[in-house]
Amino acid sequence: MKFGNSICVLNVGGTRYAFTSEVIRDFPLRRVSRLHACATEKEVLELCDDYDRDRNEFFFDRHAQAFVFIMLYVRSGKLRFVPGVCELSFYTEMLYWGLESAHLDSCCQKRLDDRMSDIGMDSLSEGDIVMSGDEPHSPDETVPQTGCAKWLEKVRRTFEEPDSSLAAQILASVSVIFVIVSMVMLCASTLPDWDTAKRKTVEEHRIVEAVCIGWFTAECIVRFLVARDKCDFIRHPLNIIDVIAITPYYVTMAMAGAGMPGAGLGVVGVTLRVLRMMRVFWLMKLARHFLGLQTLGLTLRRCYREMVMLMVFVCVAMAIYSALAQLLEHGLDLGSRNNDYASIPAAAWWVIISMTTVGYGDVYPVTIGGRVLGGMCVVSGIVLLALPITFIYHSFVQCYHELKLRSARYARSLSAEVLR
């Protein structure tokens, strides 16, 4: 092989591309970059179909037009399907060159997921679409990495992607157990008999709480150290909740060590108790491990316009009906005023429980006009709440479908890892 400062020619389906050896070495496509590390012609032929030593030309019997679009991705960072080419055929080319579905633009990724769903996930495995000896690689493996970088990336995937490996699944299971134990302790601490039980087994409770907090602290620190972007990690809502939930424990321990028990500090003690109750948001950590919570979060993120529209509908109707209810029940008949409707904000409570068909019965109209208005309020509430629900429902189904396909791909990768 002629590397050094020589020119290397890639012949893909009859189309030639000339690159310097330095470009080949740092090429974003892993199959191409691996050519630079080959020491013998046998190693080269494991990566390409033929090799011309005289012209230093590497032959790849692949789809030429598909490689044109892959080269556009290398230059511009955007990967889209070739018009008129089957999505699965193009996906085969992507896997051959070391790309994955995550590199596709979102619209094309959805097309691929729909296509894979149409033919059935059980009938399509990576062994069916990847050529013998060619294994798909994750998006982070397309660019060569040093040993330390590979190790950090492996640790990051283990902590951030529970389905990425067997170790990640075990770690996720342990994390879920600690979350459940912490939630049980939090709920039990509000029981009337908790203080008596805690005085009898004070050491056991302290040990359990310290172990849970220690695990969450260690997990948060490790995830921060291996994060690709530390600023994005700090800005992430779940990570902010982690820090807020962990901090009160250490503040309480520091204050106790200084002889300042939190219960007698007035505003400070109340603040610490409020922050301690933030531990309930650790349940959001389960979103990393359960498909249903991930689907809910993704649906809310995609349907925020519909959610805002729903809130606008409700607020406008609530303003109108609460003003009319206050007028009919309290403002007109001076002889028998309904004090439950003494103000528009008080009437707004009746409107919201009526529109949502909850109807606690604590507030209700007594005049004929108020009852007619109540009927209109209930019917209009049903209609207004139903209008955006269709869009939200379809988005939920789509999000669940996408996440289920992604989880299935992770499961196949995990099976391959176990078998190896």
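Okay, so let's go over this structure. These numbers were taken from a predicted model, which means no experiment stands behind them.

## Quick word on the overall build of the protein chain
Okay, so step 1: Along its length, the protein chain carries 19 helices and 4 strands.
Okay, so step 2: The burial tally for the protein chain puts 39% of its 420 residues in the buried class.

## A look at the pairing of strand β1 (residues 7-12)
Okay, so step 1: For β1, a buried count of 5 out of 6 residues is recorded, marking the element as mostly surrounded by other parts of the structure.
Okay, so step 2: Summarising the sheet, β1 and strand β2 (residues 15-20) pair through 6 bridges and their orientation is antiparallel. Bridged to Leu-10 within β2 is Tyr-17.
Okay, so step 3: Counting the residues between successive antiparallel strands, the hairpin from β1 to β2 contains 2 residues, one of them, Gly-13, with a positive phi of roughly 60°.
Okay, so step 4: Taken together, the 4 bridges between β1 and strand β4 (residues 57-60) define a ladder with parallel strand orientation. Bridge pairing in β4 links Asn-11 to Phe-59.

## Structural notes on the pattern of salt bridges
Okay, so step 1: Taken as a whole and judged by the stated rule, the model has 9 salt bridges.
Okay, so step 2: Two residues, Arg-235 and Asp-232, come together in a salt bridge whose shortest N-O distance is 2.3 Å. Note that Arg-235 and Asp-232 are positioned in helix α12 (residues 230-235) at a spacing of 3 residues, about one turn of the helix.
Okay, so step 3: Look at Asp-232 and you get partly exposed, because its relative accessible area is 41%.
Okay, so step 4: In the salt-bridge network here, residues are joined through shared partners; they are Arg-16, Asp-52, Arg-55 and Glu-57.

## A short note on the sheet that holds β4
Okay, so step 1: Spatial ordering of the open sheet is given by β2-β1-β4-β3, a layout of 4 strands whose pairing is mixed. Each end of this open sheet is capped by a strand with a single partner; those strands are β2 and β3 (50-52). On average, adjacent strands in this sheet sit at an angle of 20° to one another, irrespective of strand direction.
Okay, so step 2: Set on the sheet, helix α4 (residues 64-76) makes contact with β1 and β2; between it and β2 the angle comes to about 35°.

## Some details on the packing of helix α17 (residues 344-355) against helix α18 (residues 368-386)
Okay, so step 1: Packing of α17 against α18 brings their axes to within 8 Å, and their N-to-C directions diverge by 50°. It follows that α17 is oblique to α18 by the angle criterion. For the pair α17 and α18, the sense of crossing is right-handed. Across from Trp-350, Val-351, Ser-354 and Met-355 in α17, the residues of α18 making contact are Gly-370, Leu-373, Gly-374, Cys-377, Val-378, Gly-381, Ile-382, Leu-384 and Leu-385.
Okay, so step 2: Within the contact of α17 with α18, the residues separate by chemical class into 9 nonpolar, 4 polar and no charged.

## Points about the packing of helix α16 (residues 304-331) against α17
Okay, so step 1: Running from amino to carboxyl end, α16 crosses α17 at an angle of 120°, the nearest separation of the two axes being 8 Å. It follows from the interaxial angle that α16 and α17 lie oblique. When you trace α16 past α17, the crossing you get is right-handed. Listed contacts from α17 to Val-314, Ala-317, Met-318, Tyr-321, Ser-322, Ala-323, Ala-325 and Gln-326 of α16 are Ile-344, Ala-347, Ala-348, Trp-350, Val-351, Ile-352 and Met-355.
Okay, so step 2: When its residues are assigned to classes, the contact of α16 with α17 shows 13 nonpolar, 2 polar and no charged.

## Focus: the nonpolar core
Okay, so step 1: Membership of the largest hydrophobic core comes to 38 residues, with the highest contact counts inside it found for Leu-10, Phe-58, Phe-60, Phe-90 and Trp-97.
Okay, so step 2: Of all the secondary structure elements, the ones that give two or more residues to this core are β1, β2, β4, α4, α5 (87-97) and α6 (106-119).
Okay, so step 3: With 7 residues, the single largest contributor to this core is α5.
Okay, so step 4: Dropping the residues within four chain positions of it, Phe-90 is found in contact with Ala-66, Phe-69, Ile-70, Leu-79, Arg-80, Phe-81, Val-82, Val-85 and Leu-104.
Okay, so step 5: The next biggest cluster of nonpolar side chains, apart from the first, holds 13 residues, and it includes Val-176, Phe-178, Met-183 and Ile-246.

## Comments concerning the packing of aromatic side chains
Okay, so step 1: Enumeration according to the criterion identifies 12 aromatic pairs in this entry.
Okay, so step 2: Here the aromatic rings of Phe-81 and Phe-90 are separated by 5.6 Å at their centres, their planes lie at 85°, and the arrangement is edge-to-face. Side by side, Phe-81 and Phe-90 carry an identical accessibility label, which is buried.
Okay, so step 3: Connected via pairs of aromatic rings, a cluster forms that spans Tyr-17, Phe-60, Phe-67, Tyr-96 and Trp-97.

Conventions we followed
Residues numbered from 1 in each chain as written. Predicted model: local features only at pLDDT ≥ 70, side-chain atom pairs only at ≥ 80, totals over all residues. Heavy atoms only, no water. Helix = DSSP H or I, 4+ residues; strand = E, 2+ residues; numbered from the N terminus. Buried < 20%, exposed > 50% of the residue type's maximum accessible area, 1.4 Å probe, protein only. Pairing = 2+ DSSP bridges. Salt bridge = Lys/Arg side-chain N within 4 Å of Asp/Glu carboxyl O. Axes fitted to C-alpha atoms, helices over the stretch in contact; angles between N-to-C directions. Contact = heavy atoms within 4.5 Å. Parallel < 35°, antiparallel > 145°, perpendicular 65-115°, else oblique. Left-handed = near helix turned anticlockwise from the far one by under 90°. Nonpolar A, V, L, I, M, F, W, Y, C, P; charged D, E, K, R; others polar. Core = buried A, V, L, I, M, F, W, Y, C linked by side-chain atoms within 4.5 Å. Phe/Tyr/Trp six-rings, centres within 6.5 Å; stacked < 30°, edge-to-face > 60°.

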